[in-house]
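Structural overview for review
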Amino acid sequence: MMNTTNAVRRVVVGVNGSVGSSRALRRAADEARRHHAQLCPVMIYSSPQGDYIDMLWPPDAETEHELASDARHRLAGICHRVLDEQGDDPCCAPVVARGPVGPLLVQAADHDGDLLVIGGGSRGMLSRLISGSVGRYCVRHAEGPVLVVPDEESADEASDAA
């Protein structure tokens, strides 16, 4: 008998339009199909001025509406393109939010039965200094399981080492 407290009910995946996040979305869709779970792609956005300016001076209501609408449109396009490649779409409930990526992804995956899927992201030192590691944040702070999908270079390096 299956313990429903450990069952995956939702697969939450961070999507930003990069090749790595598209790979993570494909893997998340596979996991959602495998577990008969809901797929929840999440796009986190900020205003053109960036997260820190948003915290100090949040955009006005009209700008916020435009930013959210643009993010929803981009997310729908990415989901359509990536999921159509696979056919047989799982039940999908896309979400957009404005703010810091790591904390919002962890918050989006805070229900019992959630699996958080994220792309491995950039491995460059400069990228980590500027934006930190979303993956590291999610692994440390998520209540449930986190699946980090490596980028192709990391996967190729791992298979070469084996």
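Residues numbered from 1 in each chain as written. Predicted model: local features only at pLDDT ≥ 70, side-chain atom pairs only at ≥ 80, totals over all residues. Heavy atoms only, no water.

By the naming in an unreviewed UniProt entry, the protein goes by Universal stress protein and is assigned to Streptomyces yunnanensis.

1. Observations concerning the pattern of salt bridges
Per the counting criterion, the structure on display carries six salt bridges. In this structure, E31 and R34 form a salt bridge, with 2.9 Å as the shortest nitrogen-oxygen distance. Placement of both E31 and R34 in helix α1 (residues 19–35) is noted, with a separation of three residues, approximately one turn of the helix. The exposure class assigned to E31 is buried, which follows from its relative accessible area of 8%. Among the residues examined, R34 registers a relative accessible area of 56% and is labelled exposed. Taking the shortest distance from any N to any O, the salt bridge between E64 and R98 comes out at 2.6 Å. Placement of the pair is E64 in helix α3 (residues 61–86) and R98 in strand β3 (residues 95–98), with a sequence separation of 34 residues. When its relative accessible area of 29% is taken as the criterion, R98 is described as partly exposed. (Salt bridge = Lys/Arg side-chain N within 4 Å of Asp/Glu carboxyl O. Helix = DSSP H or I, 4+ residues; strand = E, 2+ residues; numbered from the N terminus. Buried < 20%, exposed > 50% of the residue type's maximum accessible area, 1.4 Å probe, protein only.)

2. What about the sheet that holds strand β2 (residues 38–45)?
Within the open sheet, the five strands sit side by side as β3-β2-β1-β4-β5. Their pairing is parallel. Two strands in the sheet have a free side with no partner beyond their single neighbour: β3 and β5 (146–149). Mean inter-strand twist for the sheet, computed between neighbouring axes without regard to direction, equals 25°. Alignment of β2 against β3, held across four bridges, turns out to be parallel. Bridging across to β3, I44 finds its partner in A97. (Pairing = 2+ DSSP bridges. Axes fitted to C-alpha atoms, helices over the stretch in contact; angles between N-to-C directions.)

3. Overview of α1
The end-to-end C-alpha distance of α1, which contains 17 residues, comes to 24 Å, matching closely the 24 Å that a straight helix rising 1.5 Å per residue would cover. Phi turns positive one or two residues past the end of α1, at H36, with a value near 55°. (Expected span 1.5 Å × (residues − 1).)

4. Description of the nonpolar core
Core analysis: the biggest nonpolar cluster contains 24 residues, and V11, V13, L25, L39 and V117 have the highest contact counts within it. In terms of residue count, α3 provides more of this core than any other element does, eight residues in total. Counting residues in hydrophobic clusters, the runner-up holds 13 residues, among them A108, A109, L116 and I118. (Core = buried A, V, L, I, M, F, W, Y, C linked by side-chain atoms within 4.5 Å.)

5. Some words on the pairing of β2
Among the eight residues in β2, seven count as buried, and that is most of the element. Judged from the five bridges that link them, strand β1 (residues 10–14) and β2 form a sheet pairing that is parallel. Residue pairing for β2: G14 is matched across the bridge by V42. In this view, the connection linking β1 to its parallel neighbour β2 by way of α1 has right-handed handedness. (Right-handed = clockwise from strand over helix to strand, strands pointing away.)

6. A short note on the confidence of the model for the protein
Taken over all residues, the pLDDT of the protein has a mean of 84, while the share at 70 or more is 80%. By mean pLDDT, the top-scoring element of the protein is β1 (97), and the lowest-scoring one is helix α5 (residues 125–131) (49). (pLDDT = per-residue confidence, 0-100.)

7. Observations concerning the pairing of strand β4 (residues 114–119)
In terms of burial, β4 is a largely internal element, five of the six residues being buried. Where β4 meets β5, four bridges bridge the pair, whose relative direction is parallel. Within β5, the residue paired with L116 across the bridge is V146.

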